[in-house]
Amino acid sequence: MVDLARRFGLAVTLTVLALVTVGAVGTPAHADRVTVTKDDVTMELRKDGTLHVVEKIELSGAPLRRTFLTRTRHDDGNDRVYRVSNVRGASFDGETMTFTGSGTVEYDVKGAVTPLGGGEELRWYAVAGPAEHVTVSVSGPGRAENLSCFAGEPASAIGCTGASIDETGATAAFEQQGLRDGEVLTIVVGYPKGATGAGPILERRFELANAFTLNAVTGGALALLLLLLVGGVGLLYWTRGRDARVVGAQSGVVVGHQNGQFTPPDGVRPGQIGTLIDEQADVVDVTATVVDLAVRGYLRIDEQPRQAYDAPDWLLVRLPSAPVAALLPYERALYDAVFDGRDAVLLSQLHGSFTAGLSKVRDELYQDVVTQGWFARRPDSVRTRWTTVGVAATLTGVVATVLLAWFTTYALIGLALIIAGAALAVGGQYMPAKTSRGAAVLAHTLGFREHLASGEIGDIPPAQRIELFSRYLPYAVVFDGVDRWARVVASIHGDGRPADNLYWYQGPAEWDLSKFADSMRTFTMTTSGAISAARLFRSF
């Protein structure tokens, strides 16, 4: 029996020790848990609407971090902001206040007052849990007319433990027992109208849909600005970019010869025509000038012999007796770029110095139309200036739209400036304006194009036809009629007998003028390709 009793006692002892051990290990430790054991808050609403808060707090554990509710949704476009400042006794980073231990903390709040129909309402999220016992005392610039308080989530409608107003109405008191972590004690006190004259602080909430709100104001402003800005661009073109008017008598078909002599209208040369018509120096203008220099006796084009699968090539030969000094500046620049001190050069070898020289050719072409009096200013400079203004206006409109979208709901108004700037940037391509002289020369040139398109040979003495219609050919290159006029040239023989070559174009052995049209088409295409490689001229 004694042995049994000893065994029973030992078992009981071991069981008790086991329970104690489990309790010591398994029970969560709360030593590091921070809790507000007591929180006494005194609030004073001042005449300017500032809420001054004094909080005497007793902590169990430290530090305590309390996140303030400083921003709430006010309406579809704005947030309500509560500004906490002048914090003493704790640290505050704009959202979170850190208490290092028990003590007194003071701070000010702006934006907690809301004007209502018959008065003003003070609403503030006084204390955030966890807190065991909270008391709040509120005084203000007038008699408290009503009050309420809520405990729980920030939007909770559950009343607090207690709320009362003293007999004088000067002080409202609130109490809350057991505020858990994540819960807030919200106090609300009503005051007479005009007690502070303060109101909520609103900050616009950025939403793309709100930024581009279309209503009577934004729609009307956008329409008015578009009318003014785009109308202004149109007026600018009408007054600055329109060619001078040409009288009807200056229009009509213009024949390019007189008494068997080549007489282009107004002495215009093939390279000038493209710039005159569309205000652009094009690849075809330079190609036509190469052909024109050959036809006029400054160089000769020798087609090279080739096998069936060889690429075609031509030798450009400088003629020593040519009056180079009589060339126009853009023609001389092209002549120098082609030969560069050489007596002859293959078309396939036109690169390097030739490409570099084309920049001067383009510059001289634009300067030439000003020298001729056809334009008051260089077309390329006019385009660049107006396009730059248009791009700058577009970028300004983008910046204005972004700023308006960020700070207002009138971003649509900024679109008007973007549209106007884009219109000016595109319209800048059409701003070069011809003078009255330039417009007249253009009318004559277009009449000459009609004559070339007709392909009429007319009553020209046979001995003069090859030279005369060879002079037509460079103009046909510009007007995209090279095939027609190459065939015309190939079919004409000055002495009535077939010819193997032209004075300015030589073919290889077993070549005759029956192949000239194909050769000329290939030559112009190959030359245009060599010029296009420089990327200095517009090509189609």
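Scroll up to find the structure this text is about.
Draft legend 1. Just the packing of aromatic side chains, in detail. Applying the stated criterion across every chain yields a total of 14 aromatic pairs. Here the aromatic rings of F68 and Y107 are separated by 5.4 Å at their centres, their planes lie at 90°, and the arrangement is edge-to-face. Of this pair, F68 sits in the loop between strand 3 (64–67) and strand 4 (71–73) while Y107 sits in strand 9 (residues 103–110), placing them 39 residues apart in sequence.

Draft legend 2. Quick look at the packing of helix 12 (residues 482–490) against helix 13 (residues 516–532). For the pair helix 12 and helix 13, interaxial distance at closest approach is 8 Å and the crossing angle is 140°. Put simply, helix 12 runs oblique to helix 13. The two elements helix 12 and helix 13 meet at a crossing, and its hand is right-handed. Contacts between helix 12 and helix 13 involve V482, D483, A486, R487, V489 and A490 from the former and F516, A517, M520, R521 and T524 from the latter. In terms of residue class, the contact of helix 12 with helix 13 is built from 7 nonpolar, 1 polar and 3 charged.

Draft legend 3. Summary view of helix 9 (residues 411–427). Over its 17 residues, helix 9 runs 25 Å from end to end, which matches the ideal 24 Å to within 8%, given 1.5 Å per residue. Inspection of helix 9 places A411, L412, G414, A416, A420, G421, L424 and A425 among the buried residues, and these make up the whole buried set.

Draft legend 4. Inspection of a nonpolar patch on the surface at higher detail. On the surface, a nonpolar cluster with roughly 450 Å² of combined accessible area is contributed by V399, L403, W406 and F407. Looking at the secondary structure, you find F407 in helix 8 (residues 379–407). For F407, a relative accessible area of 56% corresponds to the exposed category.

Draft legend 5. Representation of the environment of L328. Here L328 lies in the loop between strand 21 (314–318) and helix 6 (329–339). Spatially, the C-alpha atom of L328 lies 9.0 Å from that of E364, the residues being 36 residues apart in sequence.

Draft legend 6. Here's a closer look at the packing of helix 4 (residues 270–278) against helix 7 (residues 353–371). In contact at an axis separation of 10 Å, helix 4 and helix 7 are set at 75° when each is read in the N-to-C sense. In terms of orientation, helix 4 and helix 7 fall into the roughly perpendicular class. For the pair formed by helix 4 and helix 7, the contact residues are G271, Q272 and T275 on the first element and L365, Y366, D368 and V369 on the second. Residues belonging to the contact of helix 4 with helix 7 are distributed by class as follows: 3 nonpolar, 3 polar and 1 charged.

Draft legend 7. Examining the state of the cysteines more closely. Enumeration over the complete set of coordinates arrives at 1 disulfide. Note that C149 is cross-linked by a disulfide to C160, the S-S spacing being 1.5 Å. Residues C149 and C160 are joined by a disulfide whose S-S torsion is about -50°; by sign, that bridge is left-handed. Taken together, the residues C149 in strand 13 (residues 146–152) and C160 in the loop between strand 13 and strand 14 (162–165) connect sequence positions 11 residues apart.

Draft legend 8. Structural view of the side chain of D302. Looking at the element boundaries, D302 is found in strand 20 (residues 299–303). Here the side chain of D302 touches R300 through a polar contact of 2.8 Å, side chain to side chain. Ignoring anything within four residues of it in the chain, the contact list for D302 reads D313, W314, L315, V317 and Q506.

Draft legend 9. Summary view of the pairing of strand 2 (residues 51–60). The sheet contact formed by strand 1 (residues 35–45) and strand 2 spans 10 bridges and is antiparallel. The residue of strand 2 that forms the bridge with V36 is L59. Counted between consecutive antiparallel strands, the loop separating strand 1 from strand 2 contains 5 residues, among which G49 sits at a positive phi close to 90°. With 7 bridges connecting them, strand 2 and strand 9 associate as antiparallel partners. Looking at the pairing, V53 lines up with Y107 of strand 9.

Draft legend 10. Spatial organisation of empty space enclosed by the protein. Under the defined criterion, the tally for this structure stands at 1 cavity of 30 Å³ or more. Roughly 30 Å³ of volume is contained in the largest cavity. Lining the largest cavity are V290, L316, V338, L347, L350, F354, T527 and I531. Looking at the lining of the largest cavity, its residues break down into 7 nonpolar, 1 polar and no charged.

Draft legend 11. Quick peek at the nonpolar core. Core analysis: the biggest nonpolar cluster contains 73 residues, and W504 and F516 have the highest contact counts within it. Per-element accounting of this core gives the leading share, 9 residues, to helix 11 (residues 462–478). The residues touching F516, leaving out its near neighbours within four places in the chain, are L473, A486, V489, A490, L502, W504, Y505 and W511. Counting residues in hydrophobic clusters, the runner-up holds 44 residues, among them L51, M97, A144 and L179.

What counts, and at which threshold
Residues numbered from 1 in each chain as written. Predicted model: local features only at pLDDT ≥ 70, side-chain atom pairs only at ≥ 80, totals over all residues. Heavy atoms only, no water. Phe/Tyr/Trp six-rings, centres within 6.5 Å; stacked < 30°, edge-to-face > 60°. Helix = DSSP H or I, 4+ residues; strand = E, 2+ residues; numbered from the N terminus. Axes fitted to C-alpha atoms, helices over the stretch in contact; angles between N-to-C directions. Parallel < 35°, antiparallel > 145°, perpendicular 65-115°, else oblique. Left-handed = near helix turned anticlockwise from the far one by under 90°. Contact = heavy atoms within 4.5 Å. Nonpolar A, V, L, I, M, F, W, Y, C, P; charged D, E, K, R; others polar. Expected span 1.5 Å × (residues − 1). Buried < 20%, exposed > 50% of the residue type's maximum accessible area, 1.4 Å probe, protein only. Patch = residues over 30% accessible without salt bridge, like charges linked within 9 Å, V, L, I, M, F, W, Y side chains within 5 Å. Areas by Shrake-Rupley, 256 points an atom, 1.4 Å probe, with all protein chains shown as cover. Salt bridge = Lys/Arg side-chain N within 4 Å of Asp/Glu carboxyl O. Disulfide = S-S within 2.5 Å. Polar contact = N/O pair within 3.5 Å; in protein donor to acceptor, adjacent residues only side chain to side chain. Pairing = 2+ DSSP bridges. 1 Å grid on protein atoms, 1.4 Å probe; cavity = no way out; pocket = protein on both sides within 12 Å on 5 of 7 lines; lining within 4 Å. Points joined across faces, edges and corners; volume = space filled by probe spheres on them. Core = buried A, V, L, I, M, F, W, Y, C linked by side-chain atoms within 4.5 Å.

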